[in-house]
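# Close look at the chain arrangement
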Amino acid sequence: MSASSRISTAMRRRALAAAAAAVLATTLAACGSSGSGGHGAMPGTHHGAMPSATGAAAATATATATSGMPGMPGMGATAGGDGLSDHADGYRLTSAATTLPAGTPAPYRFTVVGPDGRPVTAFRVDQTKRLHFYAIRSDLTGFQHLHPVMAQDGTWTARPAALAPGSWRMFAAFTPAAGPGAGTAFVLSRPVTVPGAATATPLPAASATATADGYTVTVKGDLMAGMEHPLTVHLATSKDGRPVTGLQPYLDSYAHLTAFHEGDAAFAHLHPTTAADGGHGGPDLSFHAELPKPGNWRMFLQFRAAGALHTAALTLRVS
Ligand SMILES: [Cu+2]
């Protein structure tokens, strides 16, 4: 891993402050796309149910100062930091697609190019997959978490569900299995525009609870930017508040938590502190939360219960 992925927390906080200023100064509309969609190999991985919007709120700024998060217990170093760049440490996310059609499923093809200029084909399996793909609209609606398929030449094909018009950002999270980046987790992204009249949905107010499919999720934890804090999630049934104790493993854990930052769609993946072991997870789940910058973060909690995958979304304020 590069030196950039090893800066200290103190240095990082300073860098973040600078980055925040840079973001304010350079808000530029970047992401946007609308998708289409097919759908990945896993049932239940499409979560495009949220209304999407786009527009003014879809500003994307690239804050390179935040690239590189230091390693922490239970979590490898991450190259690419907040995921807003298409390159880090010599690795680059490439795609010929800058637009995708609106309202109809269409494949999104991309390649990870290594420092040697060749497509990377050897990836380490992380949370049961060689690559995790996320699509998010600039207003943080339309979240999709997919597992694309790779051809022998290193071309990946993601099949997002139909995308609403607007600015989107496509993220790839992966760990090379060979080469100079072997063992380093990367998160890189590219903007995609989906043509058409786009309407931005205001970000829902910060709240510690959210409901999804009859489940109520309650989040506890005071989060500060750039610092690791414990975050706990409690799951209960919405109907009678009964604690949920039958969570089933999803990607080797009882919940998968992905977060995007309001304004620039910076990315964070929160790692569970305990591995899944059988279909009896819950009602309380713990995560290492380290969000790279202050502001509002839209959190998407995915969990499997009663044989179905559910996604709860809530807004968390990070100071
Ligand atoms: Cu995934």
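As a reminder, the structure under discussion sits directly above these lines.
Cut-offs and rules
Residues numbered from 1 in each chain as written. Predicted model: local features only at pLDDT ≥ 70, side-chain atom pairs only at ≥ 80, totals over all residues. Heavy atoms only, no water. Pairing = 2+ DSSP bridges. Helix = DSSP H or I, 4+ residues; strand = E, 2+ residues; numbered from the N terminus. Donors = N, O, S within 2.8 Å, 3.2 Å for Na, K, Ca; no water. Salt bridge = Lys/Arg side-chain N within 4 Å of Asp/Glu carboxyl O. Buried < 20%, exposed > 50% of the residue type's maximum accessible area, 1.4 Å probe, protein only. Core = buried A, V, L, I, M, F, W, Y, C linked by side-chain atoms within 4.5 Å. Phe/Tyr/Trp six-rings, centres within 6.5 Å; stacked < 30°, edge-to-face > 60°.

### Observations concerning the sheet that holds strand β6 (residues 108–113)
The strand order across the open sheet built from 5 strands is β4-β5-β6-β10-β9, with neighbouring strands paired in antiparallel fashion. Edge strands, defined here as strands with exactly one partner in the open sheet, are β4 (87–88) and β9 (149–150). In this structure, strand β5 (residues 91–94) lies alongside β6, joined through 3 bridges in antiparallel fashion. By the bridge assignment, Thr94 is partnered in β6 with Thr111.

### Observations concerning the coordination of the copper ion
Here the copper ion is held by the protein donor atoms His132 (ND1), His145 (NE2) and His147 (NE2), which lie 1.8 to 2.0 Å from it. One chain supplies every donor for the copper ion, spaced along it as H-x12-H-x1-H. Of this pair, His132 sits in strand β7 (residues 131–137) while His145 sits in strand β8 (residues 144–146), and the two are 13 residues apart along the sequence.

### Brief notes about the pattern of salt bridges
Tallied over the full model, the rule gives 6 salt bridges. Notably, a salt bridge pairs Asp86 with Arg92, separated by 3.5 Å at the nearest N-O pair. Residue classification places Arg92 among the partly exposed positions, given a relative accessible area of 37%. Each member of the salt-bridge network shares a partner with another, and the members are Asp82, Asp264 and Lys293.

### Quick look at the environment of Gly117
Note on placement: Gly117 falls in the loop between β6 and β7. The class of Gly117 is exposed, set by a relative accessible area of 54%. The spacing of Gly117 and Arg92 is 25 residues in sequence and 9.0 Å in space, taken between C-alpha atoms.

### Some points on the nonpolar core
A general feature of soluble globular proteins is that nonpolar side chains tend to end up buried together. Core analysis: the biggest nonpolar cluster contains 46 residues, and Val217, Leu231, Phe260, Leu270, Phe287, Met299 and Phe303 have the highest contact counts within it. Residue contributions to this core peak at 6 residues, all from strand β20 (residues 295–305). If you look at the next biggest cluster of nonpolar residues, it comprises 28 residues, including Tyr91, Val112, Phe123 and Leu163.

### A short note on the packing of aromatic side chains
Counted by the stated rule, this structure contains 17 aromatic pairs. Both rings, one in Phe123 and one in Phe174, keep their centres 5.7 Å apart while their planes meet at 90 degrees; by these two values the pair is edge-to-face. With Phe123 in the loop between β6 and β7 and Phe174 in strand β11 (residues 166–174), the pair connects residues that are 51 residues apart, well separated along the chain. Phe123 sits in the buried class, given a relative accessible area of 7%. Between Phe174 and Phe186, the aromatic rings sit 5.5 Å apart at their centres with planes inclined by 0 degrees, giving stacked as the arrangement. With Phe174 in strand β11 and Phe186 in strand β12 (residues 185–194), this pair connects stretches of sequence that are 12 residues apart. Accessibility assignment for this pair places Phe174 and Phe186 in one class, buried. Aromatic rings pair up to connect Tyr91, Tyr108, Phe110, Phe123, Phe133, Trp156, Phe174 and Phe186 into one cluster.

### Here we look at unusual backbone geometry
A cis amide bond links Gly282 to the next residue, Pro283, at an omega of 0 degrees. Relative to the helices and strands, Pro283 resides in the loop between β18 (267–272) and β19 (284–289). Unusually for a residue other than glycine, Asp89 sits at a positive phi of about 50 degrees. With respect to the helices and strands, Asp89 occurs in the loop between β4 and β5. Phi at Leu140 is positive, roughly 65 degrees, even though this residue is not glycine. Along the chain, the position of Leu140 falls in the loop between β7 and β8.

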